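Reading the structure
Chain by chain, the residues run as shown.
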Amino acid sequence: MEKVTFNNIVGFVLAVAFAVVMAICMWAVLVGDYMQPNSVLNETTRHTLQIVGYAGGLAALVAWWVQQFAASRGFLVRFLFALFIFVVAFCSFGGLLRVLYLMFAYPNQLDWSLSGLYWSSLSDFYSFVLFMLVPPRPAYAALMLAAALYLAIFGPRGPKTIRA
């Protein structure tokens, strides 16, 4: 069993704080888009806004944990790795949470066979990604770049290996 050190505790606190901040920021960017005059916030949109917040927090936790694999690399590799993992995890969790929401909210409208669940999850993944991309939201691109930059600077670090 690994001995708990001060660095482990600080890393855990930083990871949780990072996840909470990313969840709130992801949610706030979309709420800001929908709080404009003449904007209608229907039930599906409200649930998608909540899903965006949860997906952002989960993606931040996963990206922090997976960043350990690139911890001993240079800054650019850590940054690109964090950006890739965060974007993929965010979109994947968003699609998964939409499927779970539909399973619980509208269980009769879902095909419960394996192929039906597969096509439903694929469809919800695409609809989540399209919801995030249309209309283009530069604030999300900046937020994802900021998350990757934060992970590259403050994320897990490993010992530098010297190669001969």
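This report concerns the structure included in the present document.

Rules of the game
- Residues numbered from 1 in each chain as written.
- Predicted model: local features only at pLDDT ≥ 70, side-chain atom pairs only at ≥ 80, totals over all residues.
- Heavy atoms only, no water.
- Helix = DSSP H or I, 4+ residues; strand = E, 2+ residues; numbered from the N terminus.
- Buried < 20%, exposed > 50% of the residue type's maximum accessible area, 1.4 Å probe, protein only.
- Contact = heavy atoms within 4.5 Å.
- Areas by Shrake-Rupley, 256 points an atom, 1.4 Å probe, with all protein chains shown as cover.
- Phe/Tyr/Trp six-rings, centres within 6.5 Å; stacked < 30°, edge-to-face > 60°.
- Expected span 1.5 Å × (residues − 1).
- 1 Å grid on protein atoms, 1.4 Å probe; cavity = no way out; pocket = protein on both sides within 12 Å on 5 of 7 lines; lining within 4 Å.
- Points joined across faces, edges and corners; volume = space filled by probe spheres on them.
- Core = buried A, V, L, I, M, F, W, Y, C linked by side-chain atoms within 4.5 Å.
- Axes fitted to C-alpha atoms, helices over the stretch in contact; angles between N-to-C directions.
- Parallel < 35°, antiparallel > 145°, perpendicular 65-115°, else oblique.
- Left-handed = near helix turned anticlockwise from the far one by under 90°.
- Nonpolar A, V, L, I, M, F, W, Y, C, P; charged D, E, K, R; others polar.
- Patch = residues over 30% accessible without salt bridge, like charges linked within 9 Å, V, L, I, M, F, W, Y side chains within 5 Å.
- Salt bridge = Lys/Arg side-chain N within 4 Å of Asp/Glu carboxyl O.

A few words now on the overall build of the protein. A tally of regular secondary structure across the protein gives five helices and zero strands. Counting over 164 residues, the protein shows a buried share of 36%. Contacts in the protein between residues at least 24 apart in sequence constitute 79% of all its contacts with a sequence separation of at least 6. Looking at the protein as shown, the accessible area adds up to about 10,300 Å², and 72% of this sits on carbon and sulfur atoms.

Here the focus is the side chain of Asp124. Assignment of secondary structure puts Asp124 in helix α4 (residues 114-133). For Asp124, a relative accessible area of 6% puts it in the buried group. Aside from chain neighbours lying at most four places away, what touches Asp124 is Gly95, Arg98, Val99 and Leu102.

Another aspect to go through is the packing of aromatic side chains. Centre-to-centre distance and the angle between the planes together describe a pair of aromatic rings. Summed over all chains, the structure comprises eleven aromatic pairs. Centre to centre, the rings of Phe125 and Tyr126 are 5.6 Å apart; their planes meet at 55°, and the pair counts as tilted. Consider the rings of Tyr150 and Phe154, whose centres lie 5.0 Å apart with planes at 45°: the pair is tilted. Of this pair, Tyr150 and Phe154 are both found in helix α5 (residues 138-154), four residues apart, which corresponds to roughly one turn of the helix.

This brings us to α5. With 17 residues, α5 extends 24 Å from end C-alpha to end C-alpha; this agrees with the ideal 24 Å at 1.5 Å per step. Regarding α5, the residues found buried are Tyr140, Leu143, Met144, Ala147, Ala148, Leu151 and Ala152.

A few words on the layout of surface pockets. Taken as a whole, the largest pocket holds about 280 Å³ of empty space. As for the largest pocket, its lining consists of 15 residues, of which Asn7, Gly11, Phe12, Trp64 and Pro156 are closest to the centre. With seven residues, helix α1 (residues 6-34) is the single largest residue contributor to the lining of the largest pocket. Volume-wise, the second largest pocket comes out at about 170 Å³. What lines the second largest pocket is simply Val87, Phe90, Cys91, Val129, Met132, Leu133, Arg137, Tyr140, Ala141 and Met144. Of all the elements in the fold, those that place two or more residues in the lining of the second largest pocket are α3 (75-105), α4 and α5.

So, about the nonpolar core. Generally speaking, nonpolar side chains in soluble globular proteins are found buried as a group. In this structure, Met22, Met26, Val52, Phe86, Phe90, Met132 and Tyr140 are the most contacted members of the largest nonpolar core, which totals 36 residues. Of all the secondary-structure elements, those providing two or more residues to this core are α1, α2 (43-66), α3, α4 and α5. The leading source of residues in this core is α2, at nine residues. The residues contacting Met132, other than those within four sequence positions of it, are Leu30, Val52, Phe90, Arg137 and Tyr140.

The next subject is the packing of α3 against α4. Between α3 and α4, the shortest axis-to-axis distance is 8 Å and the interhelical angle comes to 120°. In terms of orientation, α3 and α4 fall into the oblique class. Relative to α4, α3 is oriented so that their crossing is right-handed. Where α3 abuts α4, its residues Phe90, Cys91, Ser92, Gly94, Gly95, Arg98, Val99, Leu102 and Met103 lie against Leu117, Ser120, Ser121, Asp124, Phe125, Ser127, Phe128, Val129 and Met132. Taken together, the residues of the contact of α3 with α4 break down into ten nonpolar, six polar and two charged.

For the rest of this paragraph, the subject is a nonpolar patch on the surface. Side chains of Ile9, Phe12, Val13, Val16, Val20, Ile24, Leu58 and Leu61 sit close together on the surface and give an oily, nonpolar patch of about 700 Å² of accessible area. Elements with a contribution of two residues or more to the nonpolar patch: α1 and α2. By the element assignment, Ile9 lies in helix α1.

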